[in-house]
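# A structural walkthrough
This is what each chain is made of:
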Amino acid sequence: MVPAYTNKGVGIDAPYGVVNTYWSWLETPYSFVNGRWFSFWTVNNSCDWSDNVITLGLEDASFKLTPAHIKNTGGTVSFSAGAPAFPLGKWVRTTIYINYHTGVMHVWQDGKDLLHATFSRPSKQICQWHWGAYASKDNTNVVLYEDDNSIWKLGEPWTDFKVEPYLGVSHAICP
């Protein structure tokens, strides 16, 4: 923690990646189409915001959690077979594994494998994290609650990406 927000620094080095889990409840009467989008989560490797962020949100009528700023920077996004839509009006657990060293991102929704992404950024650190409603200006009626946000810097590689790393709950964090 720093005493003030400065947009300076070097971030954290996490060669084995970071796992972030949070719960959210979303209500909205409309789909995210025609350029309307909503983001729950943002991460950036650059402390001064000089590089592209990676976000996770809703951007089309499928209501599938989708990372943004990955494909347009040369990365890939692959959804798992049967990837579920994000349900409205109920608590949903999202778990994200991100590793700037290997350029890999995995997402689970309520314990189910949702997607795999690859990306490339010029630095390997993680400096900025943001949660909550970040959205296009044409959103007029969105209710978002978030709770139980946890973030874990891994001390060893995560190898089974079919299994959600729900750390401290379904996977012990200390022997």
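Here the structure is a predicted model, which means the values were calculated and not measured.

## Focus on the nonpolar core
The tendency in soluble globular proteins is for nonpolar side chains to be buried as a group. Phe 40, Trp 41, Ile 54, Ile 98 and Met 105 are the most contacted members of the largest nonpolar core, which has 31 residues in total. Those elements giving two or more residues to this core turn out to be strand S2 (18-27), strand S3 (38-44), strand S4 (54-58), strand S7 (92-99), strand S8 (104-109) and strand S9 (112-118). Val 19, Leu 154, Trp 158 and Leu 167 belong to the second-largest nonpolar core, a separate cluster that totals seven residues.

## Comments concerning the pattern of salt bridges
This structure, assessed with the given rule, holds three salt bridges. Notably, a salt bridge pairs Glu 164 with Arg 93, separated by 2.8 Å at the nearest N-O pair. Highlighted residues: Glu 164 in the segment after strand S12 (143-153) and Arg 93 in strand S7, separated in sequence by 71 residues. Comparing Glu 164 with Arg 93 shows no difference in burial state: the two are buried. Residues Lys 162 and Asp 113 are paired through a salt bridge, measuring 3.3 Å at the closest nitrogen-oxygen approach. In this pair, Lys 162 sits in the segment after S12 while Asp 113 sits in strand S9, placing the two residues 49 residues apart along the sequence. Note on Lys 162: relative accessible area 62%, which makes it exposed.

## Let's talk about the sheet that holds strand S6 (residues 76-79)
The six strands lie next to each other as S6-S9-S8-S7-S2-S12, forming an open sheet whose pairing is antiparallel. The open sheet has two free edges, formed respectively by S6 and S12, since each of these has just one partner strand. Direction aside, the axes of adjacent strands within the sheet are offset by 15 degrees on average.

## Considering unusual backbone geometry
Its identity is not glycine, yet Phe 63 carries a phi of approximately 60 degrees, on the positive side. Tracing the chain through its elements places Phe 63 in the loop between S4 and strand S5 (66-68). For Asp 148, which is not glycine, the phi torsion reads 50 degrees and is therefore positive. Mapped onto the secondary structure, Asp 148 falls in strand S12.

What counts and what doesn't
Residues numbered from 1 in each chain as written. Predicted model: local features only at pLDDT ≥ 70, side-chain atom pairs only at ≥ 80, totals over all residues. Heavy atoms only, no water. Core = buried A, V, L, I, M, F, W, Y, C linked by side-chain atoms within 4.5 Å. Buried < 20%, exposed > 50% of the residue type's maximum accessible area, 1.4 Å probe, protein only. Helix = DSSP H or I, 4+ residues; strand = E, 2+ residues; numbered from the N terminus. Salt bridge = Lys/Arg side-chain N within 4 Å of Asp/Glu carboxyl O. Pairing = 2+ DSSP bridges. Axes fitted to C-alpha atoms, helices over the stretch in contact; angles between N-to-C directions.

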